[in-house]
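# Coordinate analysis (summary)
Each chain, written out:
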Amino acid sequence: MDRKDIKSFTFAEVKKAVEDMGEKPFRAKQLYQWMHEKLAADFDEMTNLSKGFRQKLKDNFTYTSLEMVGRRISEVDGTEKYLFRLADGNVIESVLMRYHHGNSVCISSQVGCRMGCRFCASTLGGLTRNLLPSEMLDQVYRIQRISGERVSNLVVMGTGEPLDNYENLLRFLELLTDEHGLHISQRNVTVSTCGIVENIRALADERLQITLALSLHASSQEKRKELMPVAYKYELKDVLDACRYYFAQTGRRITFEYSLVGGVNDTDQDARRLGEMISDMNCHVNLIPVNPIKERSYVQSDRSVIEAFKNKLEKYRINVTIRREMGRDIGGACGQLRKSYMDAKERKNGI
Ligand code: SAH
């Protein structure tokens, strides 16, 4: 029999499993608390469970516990990047960002990614596999334990496309915001997607209070196709309609992410078209100066161009911010630390 991953179980499922093992019902509460409140790294840390019960747990279940294999702390702003090894040897990247309003963690949702966005480092090697709910959770748990600081906010903006790992994402969100776990408020959670239309609609129907961030990056279908292959599958119009539906169902304002790429999507015309396209929506635009990766020739827009783009959008009464670049001194953005780790490993192995 395949051992199941107990840290991905909901409380109801843990209860049932504990019952099936012939243990008293209150043991389920203790076990759940060890996993999701006390953030235990293995069954042996669960000292108020009997040795016999712990052995039964080991025989019947796997226990996800990520191993930290790298940690870099920015001298500029205190941002920390973590590299974690999964049980099967794959390595993923997570980030801790310190803000005045609290600590925010950015997690990965997949090992690699198959979406192929042209400017992104995370997709260069394609998709290896989806992350389990417990593997998404444990990025937060490990960081909270290692840093010794409470995590209050969470963004699913690391490697991977969360809506391409939809069922696991939902379960992760349920466990993360559970009052008997870390109990992070849904309002403090953001899920970023390149725009998988049917799953944006499915997520809307869940009526969670999380923020949806939509990676737009272009103001026309043609330009979006050049930057994001996913646009071959979904029309921009349908993506925006799905966002409108998300707002209608949840009342949550949409965040549009727009990575400015010098000379590609940062012209006056781009800004005007974008303004006209979304001015009727309850939204917020986050402009991201593109982080150049060595595998591509894209460059950042000049500061003056970024400011001009922002001003133009504001004329349409759109709320705009320019993303502060955090942790630039420790491996750039979006999968670049993991990429350099994997490249170094390949060099070492002589591949
Ligand atoms: N797959 C999801 C979440 C991961 S990426 C998505 O597409 O939204 C989080 C954000 O960073 C996305 O908006 C993505 O397009 C953007 N991004 C990725 N690589 C980047 C880079 N090199 N420079 C600027 N933004 C980048």
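Scroll up to find the structure this text is about.
Read on for an overview of the structure. Not measured: the values here are computed from a predicted model.

This brings us to the overall build of the protein. Looking only at helices and strands, one finds 11 helices and 14 strands in the protein. Computed over C-alpha atoms, the radius of gyration of the protein comes to 21 Å, within 12% of the 20 Å expected from 2.2 N^0.38 for 351 residues, which places it in the range of a compact globule. Dimensions of the protein, computed from C-alpha atoms along their principal axes, come out at roughly 70 × 50 × 40 Å. Taking all 351 residues of the protein together, 56% fall into the buried category.

Next up on the list: the sheet that holds strand β13 (residues 283-289). The sheet built from 10 strands is open, its strands ordered β3-β4-β5-β6-β9-β10-β11-β12-β13-β14 with mixed pairing. Two strands close off the open sheet at either side, each with one partner strand: β3 (67-73) and β14 (319-322). The mean angle between the axes of side-by-side strands here comes to 20 degrees, regardless of whether they run parallel or antiparallel. Across six bridges, strand β4 (residues 80-85) lies against strand β5 (residues 91-99) in antiparallel orientation. Across the sheet, the residue bridging to F84 is I92, located in β5.

What follows deals with the packing of helix α9 (residues 268-278) against helix α10 (residues 303-314). Between α9 and α10, whose axes approach to 9 Å, the crossing angle comes to 30 degrees. What the angle tells us is that α9 and α10 run roughly parallel. The way α9 lies across α10 gives a crossing that is right-handed. From α9, D268, D270, A271, R272, L274 and G275 reach across to α10, where they touch F309, K312 and L313. Residue classes in the contact of α9 with α10 are distributed as four nonpolar, one polar and four charged.

Around the ligand, the surrounding shell holds 17 residues, and the nearest of these are S192, S215, H217, S259 and N291. Here a nitrogen atom of the ligand sits 2.9 Å away from a polar atom, N or O, in the side chain of S259. At 2.9 Å from a nitrogen atom of the ligand is found a main-chain nitrogen or oxygen belonging to N291. Protein chains bury 95% of the 540 Å² of accessible surface belonging to the ligand in isolation. Counting only elements with at least two residues in the shell around the ligand, the list comes to β10 (189-193) and β12 (254-260). The class makeup of the residues in the shell around the ligand is seven nonpolar, eight polar and two charged.

It is worth spelling out the packing of aromatic side chains at this point. The relative placement of two aromatic rings is captured by the distance of their centres and the angle of their planes. Scanning the model with the defined rule gives five aromatic pairs in all. On the basis of an interplanar angle of 85 degrees and a centroid distance of 5.7 Å, the ring pair of F9 and F61 is categorised as edge-to-face. Of this pair, F9 sits in the loop between β1 (4-5) and α1 (11-20) while F61 is found in strand β2 (residues 61-62), placing the two residues 52 residues apart along the sequence. Both residues of the pair, F9 and F61, belong to the buried class. Consider the rings of F11 and Y32, whose centres lie 5.3 Å apart with planes at 75 degrees: the pair is edge-to-face.

With their axes 8 Å apart at the nearest point, helix α6 (residues 197-206) and helix α8 (residues 236-250) run at an angle of 5 degrees to one another. Considering the angle they form, α6 stands roughly parallel to α8. Within the contact between the two elements, α6 uses V197, I200, R201, L203, A204 and D205 and α8 uses D238, V239, D241, A242, C243, Y245, Y246, Q249 and T250. Within the contact of α6 with α8, the residues separate by chemical class into nine nonpolar, two polar and four charged.

Another point: α10. The terminal C-alpha atoms of α10, which comprises 12 residues, lie 17 Å apart, in line with the 16 Å expected from a rise of 1.5 Å per residue. All of the buried residues along α10 are I306, F309, K310 and L313. For α10, the angular spread of buried residues about the axis comes to 95 degrees, placing them on one side. Check the buried side of α10 and you find it contacts β12, α9, β13 and β14.

Among the structural elements, Q30 can be located in helix α2 (residues 26-36). Taking relative accessible area as the criterion, Q30 reaches 16% and is therefore assigned buried. Leaving out residues up to four positions away in the same chain, Q30 has contacts with N48 and L49.

Each value, and the rule that gives it
Residues numbered from 1 in each chain as written. Predicted model: local features only at pLDDT ≥ 70, side-chain atom pairs only at ≥ 80, totals over all residues. Heavy atoms only, no water. Helix = DSSP H or I, 4+ residues; strand = E, 2+ residues; numbered from the N terminus. Rg over C-alpha atoms; globule rule 2.2 N^0.38 Å. Buried < 20%, exposed > 50% of the residue type's maximum accessible area, 1.4 Å probe, protein only. Pairing = 2+ DSSP bridges. Axes fitted to C-alpha atoms, helices over the stretch in contact; angles between N-to-C directions. Parallel < 35°, antiparallel > 145°, perpendicular 65-115°, else oblique. Left-handed = near helix turned anticlockwise from the far one by under 90°. Contact = heavy atoms within 4.5 Å. Nonpolar A, V, L, I, M, F, W, Y, C, P; charged D, E, K, R; others polar. Near = heavy atom within 4 Å. Polar contact = N/O pair within 3.5 Å; in protein donor to acceptor, adjacent residues only side chain to side chain. Areas by Shrake-Rupley, 256 points an atom, 1.4 Å probe, with all protein chains shown as cover. Phe/Tyr/Trp six-rings, centres within 6.5 Å; stacked < 30°, edge-to-face > 60°. Expected span 1.5 Å × (residues − 1). Arc of directions from axis to C-beta.

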